[in-house]
Amino acid sequence: MLPAVASRLLRGAAAIGDNGTGAGITRAPSDCESPPDVPTLFRFLAFIAIVAGLIFGGMVALVTFVEPVQREMIENVPPAKLQPK
C-alpha cells in the first residue's frame, strides 16, 4: 500500500511545476477522480430490491414455519349494550 501511495505522490509532484510562465499547476489525467463504476440510482434500486427480498423472505418463513395457537375467547357483554336505544 505504501509504495502505491508514494508513487502517486511522486507523479503528482512531477506534474506540479512552474514552466516559467507563472501558470504553475498542471494535473495529469490519472489524478482526476473517475466516476463510479455503477450509477447511484442503480445502487439504490439494488439496495431496495435486496431489502424488499429479505422482508418478503421473512414473511414467507413466518407463514411457513409458525403455526398460530387457536383458543376460545370469552367476552362479557353488559346487558345495557344489548338493548337498542
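Quantities reported herein were computed from a predicted structural model and do not represent experimental measurements. (Residues numbered from 1 in each chain as written. Predicted model: local features only at pLDDT ≥ 70, side-chain atom pairs only at ≥ 80, totals over all residues. Heavy atoms only, no water.)

Student: Explain the overall build of the chain here, please?
Tutor: Summing up its helical and strand segments, the chain has three helices and zero strands in all. Shown N-terminal to C-terminal, the secondary structure of the chain runs as helices and strands in the order α-α-α. For the chain, the residues scored as buried account for 5% of the 85 residues in total. Here the chain has roughly 8500 Å² of accessible surface; of this, 68% comes from carbon and sulfur atoms. (Helix = DSSP H or I, 4+ residues; strand = E, 2+ residues; numbered from the N terminus. Buried < 20%, exposed > 50% of the residue type's maximum accessible area, 1.4 Å probe, protein only. Areas by Shrake-Rupley, 256 points an atom, 1.4 Å probe, with all protein chains shown as cover.)

Student: I tried to follow the confidence of the model for the chain on my own but got confused; where do I start?
Tutor: The predicted coordinates ought not to be read in detail in places where the model reports low pLDDT. Taken residue by residue, the chain gives an average pLDDT of 76. The fraction at 70 or more is 58%. Mean pLDDT across the elements of the chain bottoms out in helix H1 (residues 2-15) (54) and peaks in helix H2 (residues 40-65) (95). (pLDDT = per-residue confidence, 0-100.)

Student: Explanation requested: a nonpolar patch on the surface in the structure shown.
Tutor: On the surface, a nonpolar cluster with roughly 980 Å² of combined accessible area is contributed by Val 38, Leu 41, Phe 42, Phe 44, Leu 45, Phe 47, Ile 48, Val 51, Ile 55 and Met 59. Note on placement: Leu 45 falls in helix H2. (Patch = residues over 30% accessible without salt bridge, like charges linked within 9 Å, V, L, I, M, F, W, Y side chains within 5 Å. Salt bridge = Lys/Arg side-chain N within 4 Å of Asp/Glu carboxyl O.)

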